[in-house]
Amino acid sequence: MKNRIEIVKSDITKLHADAIVNAANRTLLGGGGVDGAIHQAAGHELLEECKKLGGCYTGEAKITNGYHLPSKYVIHTVGPVWRGGDKGEPELLAKCYKNCMLLAKKYQIHTLAFPSISTGIYGYPIEKASVIALQEIVKFLKNEEIPEKVIIVCYSDHDYQIYLQNFNRILTSEKN
Ligand code: ADP
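Residues numbered from 1 in each chain as written. Predicted model: local features only at pLDDT ≥ 70, side-chain atom pairs only at ≥ 80, totals over all residues. Heavy atoms only, no water.

Undergrad: Just to check I follow, could you spell out the site of the ligand for this structure?
TA: Near the ligand you find 15 residues, and of these Asp11, Val34, Ser118, Gly120 and Ile121 are the closest. Residue Thr119 places a side-chain N or O atom 3.3 Å away from an oxygen atom belonging to the ligand. Taking 560 Å² as the accessible area of the ligand by itself, protein coverage stands at 91%. Sort the elements by how many residues they give to the shell around the ligand and helix H1 (residues 33-42) lands first, with three residues. The residue inventory of the shell around the ligand, partitioned by class, reads seven nonpolar, six polar and two charged. (Near = heavy atom within 4 Å. Polar contact = N/O pair within 3.5 Å; in protein donor to acceptor, adjacent residues only side chain to side chain. Areas by Shrake-Rupley, 256 points an atom, 1.4 Å probe, with all protein chains shown as cover. Helix = DSSP H or I, 4+ residues; strand = E, 2+ residues; numbered from the N terminus. Nonpolar A, V, L, I, M, F, W, Y, C, P; charged D, E, K, R; others polar.)

Undergrad: Would you explain helix H3 (residues 89-106) in this entry?
TA: Since the α-helix packs 3.6 residues into each turn, any two residues three or four apart lie on the same face. The terminal C-alpha atoms of H3 lie 26 Å apart, and with 18 residues this matches the ideal 26 Å at 1.5 Å per residue to within 8%. Three or more residues of H3 are buried, namely Glu89, Leu93, Ala94, Cys96, Tyr97, Asn99, Cys100, Met101, Leu103 and Ala104. Residues of H3 that are buried make contact with strand S2 (19-24), strand S3 (61-65), strand S4 (73-78), strand S5 (111-114), helix H4 (126-143) and helix H5 (157-175). At the C-terminal side of H3, Gln108 shows a positive phi close to 55°. (Expected span 1.5 Å × (residues − 1). Buried < 20%, exposed > 50% of the residue type's maximum accessible area, 1.4 Å probe, protein only. Contact = heavy atoms within 4.5 Å.)

Undergrad: What is the right way to look at the packing of aromatic side chains in this model?
TA: The geometry of an aromatic ring pair is captured by the separation of the ring centres together with the interplanar angle, meaning the angle of the planes. Taken as a whole and judged by the stated rule, the model has three aromatic pairs. Centroid distance Trp82 to Tyr124: 4.7 Å. Interplanar angle 55°. Geometry classified as tilted. Here Trp82, found in the loop between S4 and H3, pairs with Tyr124, found in the loop between S5 and H4; they are 42 residues apart in sequence, far enough to count as distant. Both rings, one in Tyr97 and one in Phe114, keep their centres 4.7 Å apart while their planes meet at 50°; by these two values the pair is tilted. With Tyr97 in helix H3 and Phe114 in strand S5, this residue pair connects regions lying 17 residues apart in the sequence. (Phe/Tyr/Trp six-rings, centres within 6.5 Å; stacked < 30°, edge-to-face > 60°.)

Undergrad: Which parts of the structure should I look at to understand the packing of H3 against H4?
TA: Angle between the axes and distance between the axes: these two values describe a pair of packed helices. Closest axis-to-axis distance for the H3/H4 pair is 9 Å, and the angle between their directions is 40°. When the interaxial angle is binned, H3 and H4 end up oblique. The chirality of how H3 crosses H4 is right-handed. Seen from H3, the contacting residues are Pro90, Leu93, Ala94, Tyr97, Lys98, Met101 and Leu102; seen from H4, they are Ala129, Ile132, Ala133, Glu136, Ile137 and Phe140. (Axes fitted to C-alpha atoms, helices over the stretch in contact; angles between N-to-C directions. Parallel < 35°, antiparallel > 145°, perpendicular 65-115°, else oblique. Left-handed = near helix turned anticlockwise from the far one by under 90°.)

In structure tokens form, the structure reads like this:
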């Protein structure tokens with residue numbers, strides 16, 4: 001598992017992966033944070049394609065081309081807004097990761113890059129969200145050969161450290 005999951009600190013729009021995931025909103029028409037950065041880097045063609053998709057429900061995912069991005073595809077998913085944690089947020093966040101990986105499998109995407117979904121504007125505590133992200137990715141990769149590799153792209157050093165710590169914790173607990 002260790003060689004199929006990589007945690008990096010980077011700007012996801014610069015990444016050469018087969019697909020990058022966008023933490024979008026339900027309109028899929030662009031927004032702030034990573035969504036704005038992806039739309040800006042991909043160009044207006046991405047917005048034109050997104051307009052045809054009719055939005056996306058929280059926890060679901062839709063795929064488009066990557067246009068001017070280094071990656072071939074963008075998988076758009078809508079994370080839950082944090083409302084204290086007892087409004088189905090953990091399940092919805094897990095669904096985001098799972099549905100993105102199911103699309104990756106369907107489109108034969110070998111390398112898939114995720115940002116830290118919901119932990120920016122949507123306010124999901126990074127400590128909790130990172131554990132859900134990692135557990136969901138590990139669970140999926142155990143049962144599937146594609147995607148071959150998942151890259152988790154952290155934007156800040158703080159987020160990067162938290163993901164690394166929790167990943168090591170999960171790997172250690174798996175061995176025992
Ligand atoms: P959400 O609305 O799902 O919370 P945000 O885009 O506000 O989405 O934040 C999600 C995560 O993406 C945050 O950790 C934020 O720091 C990070 N982020 C913002 N811009 C980029 C980028 N260019 N590349 C990678 N991660 C980014």
